[in-house]
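A look at the structure
Next come the chains, spelled out residue by residue.
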Amino acid sequence: MIDKTLNWVDDRLGIAKGGRTFVDKIFPDHWSFMLGEIALYSFVILLGTGVFLTLYYIPSGHEIVYHGSYIPLRGQHVSEAYASSVDLSFDVRTGLLMRQAHHWAADIFLGAIAVHMARVFFTGAFRKPREFNWIVGTLMLILGIVNGFLGYSLPDDLVSGTGIRIAYSIIESIPLVGSYLGFFLFGGNFPGTGIILERFYIIHVLIVPAIIVGLLAAHLGLLVKQKHTQFPGKGKTEHNVVGSPMFPTFIAKTTGFLFMSSAVIFGLGGFAQINPIWQFGQYQPYQISYAVQPDWYMGWLDGALRIMPSWEWVGWGHTIPLEVFLPAVVFPGLIFNILIVWPFIESIYTKDHRYHNLLDRPRDRPKRTAAGAAMLTLLGAVFFASSTDVMANFFQLPLIDVLWFFRFFVPLAPIVAYYITFKICHEMIAAEGIGKRKRALVVSRSTEGAYSTVESDVRPGDDHEELEAIPVPTFIDTTDPELATAAGVRRVIR
Amino acid sequence: MSDQNPKNNGSQPPATLDDPHLQPATKNPERMETLAAVAIVIGMLGFVAFIWAYWVDANTQWQAAALTVGMLGLGAGTIAWGKYLMPQGPFVEERHDFHSSDAERESFNAAITGRGGLEVKRRGLLLSLFAAGGGIMTMALLIPGVRSLGPKPAAAADTQAPTDNSLFTTNWKKGAKLVTVGGREVKVDDLQVGGILTVFPQGHEGSSPDQVVLIRLQQFGQVEKMVPPGRKDWTVAGYVAYSKLCTHLGCPVGLYQEKTEQLVCPCHQSIFNVNAGAVPEFGPAPRPLPQLPITVDSSGQILADGGFNQAVGPGFWERP
């Protein structure tokens with residue numbers, strides 16, 4: 001039956017030859033290769049839950065009176081966007097689950113991208129020939145952050161409206177064109193003509209996701225074309241890939257993993273409350289709540305804004321709000337540009353233009369590892385700086401002291417992190433056999449009283465044994481029947 | 001999982017059960033098959049429970065629990081199937097460098113660089129013109145695409161521009177009555193010392209650029225020592241009024257600490273001293289909150305004694 005179907009398709013599309021290569025594609029069996037899969041599957045869930053949400057959400061700033069089932073809000077004047085988001089949570093069955101799962105999926109999506117990217121960076125997987133894919137991935141990270149911001153702005157609640165206000169002021173801070181850009185995007189001075197939700201909506205549900213889908217296709221296409229990298233090990237060389245075949249082993253495991261990721265996201269969506277907009281209330285431009293923090297992936301930008309000194313530049317009849325422009329426009333611009341050009345910087349610096357399919361151990365590249373650690377420390381430090389008010393409250397310290405601490409901590413911590421990481425890498429390179437279990441030493445005394453020391457026998461687990469890899473030819477020469485029958489994957493029979 | 005199809009061209013000699021490549025648990029395949037099957041059945045039950053939870057409109061937690069069990073079961077079963085009952089490597093696949101052979105490169109490059117059709121002298125000219133044409137076309141299409149989105153910001157000189165179209169104007173005029181967001185007129189006796197109220201010019205309640213904080217610092221008289229020189233007439237009966245838009249990013253400066261007489265912006269913790277003309281004492285805000293001159297009429301109604309003397313809110317390029 002399956003044979004017949006495959007033949008029917010092959011008669012029309014000729015899938016057999018390329019298809020065999022495709023199902024033989026090898027996926028390395030290392031846990032760190034799952035990180036990108038988490039991002040992929042959260043994106044799948046984002047699309048699914050997102051489609052559900054679009055059916056009920058109304059992107060409109062039009063004011064109506066709320067009559068839904070959330071009693072404290074009844075009779076209040078709210079926007080249609082806010083009312084429909086609250087209705088979605090309380091009056092649409094499974095609506096709250098879908099909404100919260102969507103929000104959690106977005107947070108996990110960006111978290112998985114960040115960790116996946118760190119793995120790729122620290123192991124040198126971005127090197128030739130994979131620079132394209134590094135750039136495509138970075139673009140998806142940027143678009144993911146943008147779309148996350150647009151998405152949590154849509155409910156028009158007090159917290160997200162404050163975020164939109166801040167975004168408007170950041171756009172306004174751009175020299176020369178800032179106020180024009182702000183007026184065009186919002187249809188006038190903030191809060192504009194109420195058109196901003198419609199614009200954010202179409203960008204959030206159509207334009208950015210469409211670009212991400214395109215980039216995702218390119219990301220996976222490049223991965224198939226260029227094949228995976230792999231960690232060094234027995235039988236692993238620059239000229240092969242060792243692991244499990246796409247079909248059936250990898251497909252089974254990864255499909256199972258899709259379900260596992262979904263389980264976690266829907267579990268969080270049902271049990272861990274996120275963004276309870278009915279508690280925040282409708283956005284009003286003159287109202288604000290205490291301890292307003294954005295979603296985690298925006299925290300680093302918020303923190304940078306907080307610790308920046310008030311350096312507004314005024315002269316020749318013009319103002320450049322450097323206290324906004326530098327931390328909110330120049331800083332992220334620099335970070336993303338450094339990320340994008342890093343593979344080229346590194347190959348110029350190391351004069352290394354060879355192909356690299358075997359991954360580095362981070363310790364073996366102390367400078368790169370230290371640079372990555374410094375970058376993560378910088379971003380982590382500004383991230384924590386975004387909760388200065390919460391920390392001041394929690395530790396019972398004056399807010400000003402906490403801010404001053406971060407003004408020094410943010411620039412200094414990365415330097416310290418670079419130095420420490422660099423030293424640790426060097427020490428680890430110098431230490432022989434690090435990471436292996438030490439053999440027990442057996443001390444014995446002879447009848448004459450002399451002591452001798454011998455290493456104990458090798459016990460299981462002392463050395464990590466790797467198995468011999470079995471060849472799976474990717475290209476079957478069908479003109480040679482012997483080769484055709486000898487090739488293939490193993491199957492368990494009983 | 002037996003596969004004894006003799007026509008299977010892709011099969012190697014089957015692995016025996018003592019093959020070191022197999023997971024130890026695969027030594028008993030029946031057991032593993034049962035395990036995977038049980039997990040999938042649990043998953044199915046979870047999904048059925050989800051349908052039930054939906055049907056009876058059970059609360060979100062029940063729905064999530066059912067769905068989670070469903071996906072965990074299905075996922076665990078599929079992974080067990082893949083891990084214990086499918087071919088386990090490591091398998092190896094060869095790979096080759098991506099670049100083409102020198103001959104292929106040469107012929108490709110020659111096709112790109114050498115296929116000029118007729119030999120013309122000014123091929124470079126056509127190319128530059130084509131690029132310029134494409135660039136102008138892009139501009140031509142982009143300009144309406146961007147420009148149609150919104151109005152042009154009004155210039156600073158246009159003091160009559162509506163607030164929707166200008167970053168410089170507000171609706172505060174001489175004689176505008178101070179009202180609450182609900183439209184209630186604010187009288188001189190409304191606040192006690194230390195009291196604070198968000199007010200708007202009558203007829204513009206709730207408007208973003210017009211929001212003002214009215215604070216009563218003293219019981220009577222002018223509070224000239226608490227405002228910059230030259231502004232002693234801007235206060236009345238111990239009241240001062242400042243724009244509520246933070247000069248950093250335009251958040252409402254909503255936290256008033258009565259003890260220290262400081263206004264704190266909850267967004268990025270800029271601190272303004274209302275005791276000294278709302279100058280920023282700490283944080284990223286660069287400028288004092290613009291002050292609104294106020295006065296009182298014979299009925300005790302507080303009025304604006306003029307508009308703001310500068311643009312309110314965060315900085316921007318056209319701000320002088």
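What counts and what doesn't
- Residues numbered from 1 in each chain as written.
- Chains lettered and ligands numbered in written order.
- Predicted model: local features only at pLDDT ≥ 70, side-chain atom pairs only at ≥ 80, totals over all residues.
- Helix = DSSP H or I, 4+ residues; strand = E, 2+ residues; numbered from the N terminus.
- Buried ≥ 20, exposed ≤ 12 C-beta atoms within 10 Å, placed from the backbone.
- Contact = placed C-beta atoms within 7 Å.
- Pairing = 2+ DSSP bridges.
- Axes fitted to C-alpha atoms, helices over the stretch in contact; angles between N-to-C directions.
- Expected span 1.5 Å × (residues − 1).
- Bend = angle between axes of the 7 residues up to and from the residue.
- Left-handed = near helix turned anticlockwise from the far one by under 90°.
- Nonpolar A, V, L, I, M, F, W, Y, C, P; charged D, E, K, R; others polar.
- Core = buried A, V, L, I, M, F, W, Y, C linked by C-beta atoms within 7 Å.
- pLDDT = per-residue confidence, 0-100.

Time to look at the overall build of chain A. Along the backbone of chain A there are 17 helices and nine strands. With the C-alpha coordinates of chain A rotated into their principal frame, the extents come out at 85 × 70 × 50 Å. For chain A, with 494 residues in total, the buried portion stands at 42%. Long-range pairs, those at least 24 residues apart, make up 72% of the contacts in chain A between residues at least 6 apart in sequence.

Another point: the sheet that holds strand β9 (residues 279-282) of chain B. Residue and element names in this part refer to chain B. One open sheet accounts for four strands, arranged β6-β7-β8-β9; its pairing is antiparallel. The open sheet has two edge strands with one neighbour each: β6 (255-257) and β9. Adjacent strand axes in the sheet meet at a mean angle of 35°, parallel and antiparallel pairs treated alike. Pairing of strand β8 (residues 271-273) with β9 involves three bridges; the strand directions are antiparallel. Across the sheet, Asn273 pairs through a bridge with Val279, a residue of β9.

Taken residue by residue, the interface counts 96 residues in chain A and 89 residues in chain B. By the bridge criterion, four bridges tie strand β4 (residues 240-245) of chain A to strand β1 (residues 91-94) of chain B in an arrangement that is antiparallel. Across the sheet, A:Asn240 pairs through a bridge with B:Glu94, a residue of β1(B).

Turning to helix α9 (residues 196-226) of chain A, a few remarks are in order. All names here are of chain A. An ideal rise of 1.5 Å per residue puts 45 Å on 31 residues; α9 measures up with 42 Å between its terminal C-alpha atoms. Approximately 40° is the largest bend angle found in α9, and it occurs at Ile203. Restricting attention to buried positions, one finds in α9 the residues Ile196, Leu197, Phe200, Tyr201, His204, Val205, Ile212 and His219. Along its buried surface, α9 packs onto α3 (35-54), α4 (80-90), α6 (131-153), α7 (158-172) and α8 (178-186).

Residue and element names in this part refer to chain A. The interhelical angle for the contact between α3 and helix α10 (residues 246-271), taken along N-to-C directions, is 60°, at an axis separation of 9 Å. When you trace α3 past α10, the crossing you get is right-handed. The residues of α10 that touch α3, namely those facing Glu37, Ile38, Tyr41, Ser42, Val44 and Ile45, are Thr254, Phe257, Leu258, Ser261, Ser262 and Ile265. Residue composition of the contact of α3 with α10, by class: seven nonpolar, four polar and one charged.

What follows concerns the nonpolar core. Among the nonpolar cores identified, the biggest contains 164 residues, and A:Ala105, A:Phe109, A:Ile265, B:Leu214, B:Val240, B:Ala241 and B:Tyr242 are the most heavily contacted of them. The contacts of A:Ala105, once residues within four sequence positions are left out, are A:Ser42, A:Ile45, A:Leu46, A:Thr49 and A:Ile265. In terms of nonpolar packing, the next biggest core, distinct from the first, is built from seven residues, A:Ile26, A:Phe27, A:Val242 and B:Phe91 among them.

Here the focus is the confidence of the model for chain A. Looking at chain A, pLDDT values average 88 and 91% of them are 70 or higher. Between residues 473-494 of chain A, whose pLDDT stays under 50, and residues either more than four places distant or in other chains, the model counts 45 contacts.

Residues and elements named next belong to chain A. By the element assignment, Gly50 lies in helix α3. When the C-alpha atoms of Gly50 and Ala101 are compared, they prove to be 9.5 Å apart, with 51 residues separating the residues in sequence. Setting aside chain neighbours within four positions, we find Gly50 in contact with His102 and Val205.

Moving on: helix α13 (residues 322-350) of chain A. Each turn of an α-helix holds 3.6 residues, which means side chains three or four residues apart point in the same direction. Residues and elements named next belong to chain A. Under the 1.5 Å per step criterion, the end-to-end length of α13 is only 36 Å for 29 residues, more than 12% shorter than the ideal 42 Å. Considering bend angle alone, the principal kink of α13 is centred on Val341 and spans about 55°; proline Pro343 follows within four residues of it. All of the buried residues in α13 are Glu323, Val324, Phe325, Pro327, Ala328, Leu339, Trp342 and Pro343. Packed against the buried residues of α13 are α6, α7, α12 (299-307) and β6 (318-320). One or two steps after α13, the chain reaches Lys351, where phi turns positive at roughly 55°.

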